[in-house]
Amino acid sequence: MAILEIKNLYKNFGRTEVLKGVDFSMEEGEVVSIIGSSGSGKTTLLRMIAGIGPATSGELFIDGEEMKQALSGYLSVLCEQDPKSVGGTLPTDGFYYVQ
């Protein structure tokens, strides 16, 4: 089973289509590179996978579970403690602190 699966993902900014029907899956242990020219949607795609930015439409699955909150723009990775209180820094430790 794919650890990450994206089906028919779209992202529009107004009338501009940035992502148009993106489909891919990633198996556990697999390394995937996302390459493209400036403005092609690489960061937008990663923001949607992380749950930081909403998609216009599509489906995102992590470990077979649909991540609707990621498509709605909610943070999908949260830290229970302020990272600074345990010696962490943002964003290098990979967690977002939401108070």
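Refer to the structure presented above.
Residues numbered from 1 in each chain as written. Predicted model: local features only at pLDDT ≥ 70, side-chain atom pairs only at ≥ 80, totals over all residues. Heavy atoms only, no water.

Visitor: So, unusual backbone geometry: which residues are in play, and what are the values?
Guide: Leave glycine aside and you will find that most residues have negative phi; peptide bonds, for their part, are mostly trans. Phi is positive for Asn8, close to 50°, though the residue is something other than glycine. Considering the arrangement of structural elements, one finds Asn8 in strand E1 (residues 4-13). By relative accessible area, Asn8 is classed as partly exposed at 42%. The phi angle at Asp63 is positive, at roughly 50°, despite the residue not being glycine. (Helix = DSSP H or I, 4+ residues; strand = E, 2+ residues; numbered from the N terminus. Buried < 20%, exposed > 50% of the residue type's maximum accessible area, 1.4 Å probe, protein only.)

Visitor: Quick one: what's the story with the side chain of Thr44, residue by residue and with numbers?
Guide: In this fold, Thr44 is placed in helix H1 (residues 42-50). Those residues in contact with Thr44, other than ones at most four positions away along the chain, are Lys11, Phe13, Val18 and Leu19. (Contact = heavy atoms within 4.5 Å.)

Visitor: Run through the pairing of E1, naming residues and quoting values.
Guide: Inspection of the sheet shows E1 paired to strand E2 (residues 16-26) by eight bridges, in the antiparallel sense. When the sheet's bridge partners are listed, Tyr10 is paired in E2 with Lys20. Counting the residues that bridge the hairpin from E1 to E2 gives two residues, and of these Gly14 lies at a positive phi of roughly 65°. Two strands pair when backbone bridges link them, and E1 and strand E3 (residues 57-62) are joined in this way by five bridges, in the antiparallel orientation. Pairing of Glu5 across the sheet is with Phe61, part of E3. (Pairing = 2+ DSSP bridges.)

Visitor: Lay out the sheet that holds strand E4 (residues 65-66) in plain terms, naming residues and giving numbers.
Guide: The strand order E2-E1-E3-E4 describes an open sheet built from four strands, whose pairing is antiparallel. The outermost strands of the open sheet, each flanked by one partner alone, are E2 and E4.

Visitor: Quick rundown of the side chain of Lys11? Include the residues and the values.
Guide: Following the sequence through the fold, Lys11 ends up in strand E1. There is a polar contact of 2.9 Å between the side chain of Lys11 and the backbone oxygen of Pro54. (Polar contact = N/O pair within 3.5 Å; in protein donor to acceptor, adjacent residues only side chain to side chain.)

Visitor: Got a sec to walk through the nonpolar core? Specific residues and values, please.
Guide: Membership of the largest hydrophobic core is limited to eleven residues, which are Leu4, Ile6, Leu9, Leu19, Val22, Leu45, Met48, Ile49, Ala55, Leu60 and Met67. Going through the elements one at a time, E1, E2 and H1 are the ones with two or more residues in this core. (Core = buried A, V, L, I, M, F, W, Y, C linked by side-chain atoms within 4.5 Å.)

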